[in-house]
Amino acid sequence: MSPRALLAAFLLPWLACAAPKPDIVFLLIDDLGYADCGFNGGKQILTPNIDRLAKAGAVLEHFYVQPVCSPTRSTLLTGRYPTRTGVYSIVSPHAPWGLPLAERTLADALKQAGYATEIVGKWHLGEFKPEYQPLARGFDHHYGHYFGMLDYFTHERGGGLDWYRDGKPLKETGYTTHLLRDEACRVIDRQPKDKPLFLYVPFNGVHGPFQVPEPYLKPYPDLKNNRQKLAGMLAAVDEAVGKIEDALRKAGRLENTLIVFSGDNGGPPPGDNTPLRDHKGSIFEGGVRAAAFACWPGQIPAGQRVREPMHMVDWYPTLIKLGGGSLEQKLPIDGLDVWPTLTKGAPTPHDAILCVSTQGPATAAVRMGEWKLIVSGNGDANGGADDGAANAKNKGKKATGKYEAVALYHLTEDPSETKNLAATQPDRVKAMRVRLTQLLKDAVPSGADISKK
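Below is a summary of the structure that appears in this document. Keep in mind the model is a prediction, meaning the values are calculated, not measured. Throughout this document, residue positions are counted from 1 along each chain, in the order its sequence is written. A pLDDT threshold of at least 70 governs which residues receive local features in this predicted model, and a stricter bar of 80 or more applies before side-chain atom pairs are shown or counted, although totals over entire chains, interfaces and linings include all residues. Computation of side-chain values covers all heavy atoms of the structure but excludes hydrogens and water.

### Observations regarding the environment of Ala-113
Among the structural elements, Ala-113 can be located in the loop between helix 5 (106-112) and strand 4 (116-122). Residues Ala-113 and Gly-323, spaced 210 residues apart in sequence, show a C-alpha to C-alpha distance of 6.8 Å. The contact criterion used is simple: two residues touch if any of their non-hydrogen atoms lie within 4.5 Å. Setting aside residues no more than four positions away along its own chain, Ala-113 makes contact with Lys-21, Gly-323, Gly-324 and Gly-325. Counting from the N terminus, the helices are DSSP H or I runs at least four residues long and the strands are E runs at least two residues long.

Structure, rendered in structure tokens:
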């Protein structure tokens, strides 16, 4: 070995160890519409701070989540589809189930890698026993609430307080978006400079009830009713994002911080999901494609609009790898490392991305390239002899409400999913159903159903 090669062999491990681990700030916005922010085409609501960060990094135009919030949170924290965890639906208040205790979480992995792990905001993955709560799932601290739909001013849901610090009920005054903003900034301010930070901020904004301090309504006199209130609520979230960015800058941490921003599902009315079909609760694109971006100065090239499909499960391996953690674990990981896609323009690492409904795999979809297949109810989702295409015209009945038994869409030409091409693409339908069957093969029952037994 040459002297130069010997020197490189000696120095590279040292340099790798010497490089500081990035801080990670993950901002999850509740019920955000795909097109409500300016960076995704929104014109009605002012989101200057969010838009500035989006422009500084990569907008993820085809970023998939789950139709409702608890399942999306489970995919982020485990890197595993709901078919693995049983979290297909919302974990309702005091329900006797939650994210299975056997699951290793993103916070667990990053904590093992030396990170401080903080959650400021909504948990929504089970709280009926202490072992299901954030402090038992890898987080050092939690401030915020366990459920959704709490009152923004009283912090109550269903007549009871839903506001906590480290598992203990906390009575305090203030608008929840402001309180979460201020706590996130305090977390950043008090963080030791030599310890990397994983700060997860799942805001309850802009989820209903539609409540916001009056000054936030004044810029939107032309909007009416709940749309006006939603605009004010999103403006408050945007303000909070700006304050968090300022706190990182003042602490000297911004240049080494990866900021990830995403909705947790498509927006329900009056949110705007243009041009996508449908809304929250649906596995049409309007329910499962989120407004999202990632930025890190000097690491993720600015001004990108990434069209390669990704899924929330991908952040689990990507962030653990970036943080120097281990991906060795007993449970298989569905997520794939998307860092080359974000930083080098590499294709998506996925050959297929799975979407499942809130009712579980009886209604499911698979995205492969530019194509998406939805199979529902009498569509024979087990991939049997009937591929659902040749007889699609005769089967024109709905399987479960708005879903046809089998539907195939070309998402580039038809992002609004208006033209079912299953009848004209029988071979493609058949091949995609085979892949969907593989993805659903070992699907577990719903945790909610198991808890009822």
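### Quick notes on the pattern of salt bridges
Take a side-chain nitrogen of Lys or Arg and a carboxyl oxygen of Asp or Glu: if they are within 4 Å of each other, that pair is a salt bridge. All told, the structure shown has 27 salt bridges when counted by the stated rule. Arg-305 serves as the salt-bridge partner of Glu-61, at 2.5 Å between the closest nitrogen and oxygen. Of this pair, Glu-61 sits in the loop between strand 2 (58-60) and strand 3 (63-64) while Arg-305 sits in strand 14 (residues 304-306), and the two are 244 residues apart along the sequence. Relative accessible area serves as the criterion here: at 15%, Glu-61 is assigned to the buried category. Put simply, Asp-264 and Arg-73 hold a salt bridge, and the shortest N to O gap is 2.9 Å. Residue Asp-264 is located in the loop between strand 11 (257-263) and helix 8 (285-288), and its partner Arg-73 is located in helix 3 (residues 69-78); the two are separated by 191 residues in the primary sequence. Overall, the relative accessible area of 0% leaves Asp-264 in the buried class. Only protein chains enter the accessibility calculation, which uses a 1.4 Å probe. A residue is then buried if its area is under 20% of the maximum for its type, exposed if over 50%, and partly exposed in between. Taking the relative accessible area as the measure of exposure, Arg-73 reaches 1% and is therefore buried.

### Considerations on the packing of aromatic side chains
Here is the rule: rings of Phe, Tyr and Trp (six-membered ring for Trp) pair when centre to centre is within 6.5 Å. Planes less than 30 degrees apart are stacked, more than 60 are edge-to-face, and the remainder are tilted. Tallying each qualifying case throughout the model produces 18 aromatic pairs. Ring centres 6.2 Å apart and planes at 85 degrees place the aromatic pair Trp-123 and Phe-139 in the edge-to-face group. Here Phe-139 lies in the loop between strand 4 and strand 5 (141-145) and Trp-123 lies in the loop between strand 4 and strand 5, a separation of 16 residues in the sequence. The burial state of Trp-123 is the same as that of Phe-139; both residues are buried. Taken together, a centroid distance of 6.3 Å and an interplanar angle of 70 degrees make the contact between Tyr-146 and Phe-147 edge-to-face. Owing to a relative accessible area of 3%, Tyr-146 belongs among the buried residues under this scheme. Here, over-ring charges are defined by two tests on the NZ atom of lysine or the CZ atom of arginine: distance to the ring centre within 6 Å, and angle to the ring normal within 35 degrees. Over the aromatic face of Phe-284 sits the side chain of Arg-277, whose NZ or CZ is 3.8 Å from the ring centroid.

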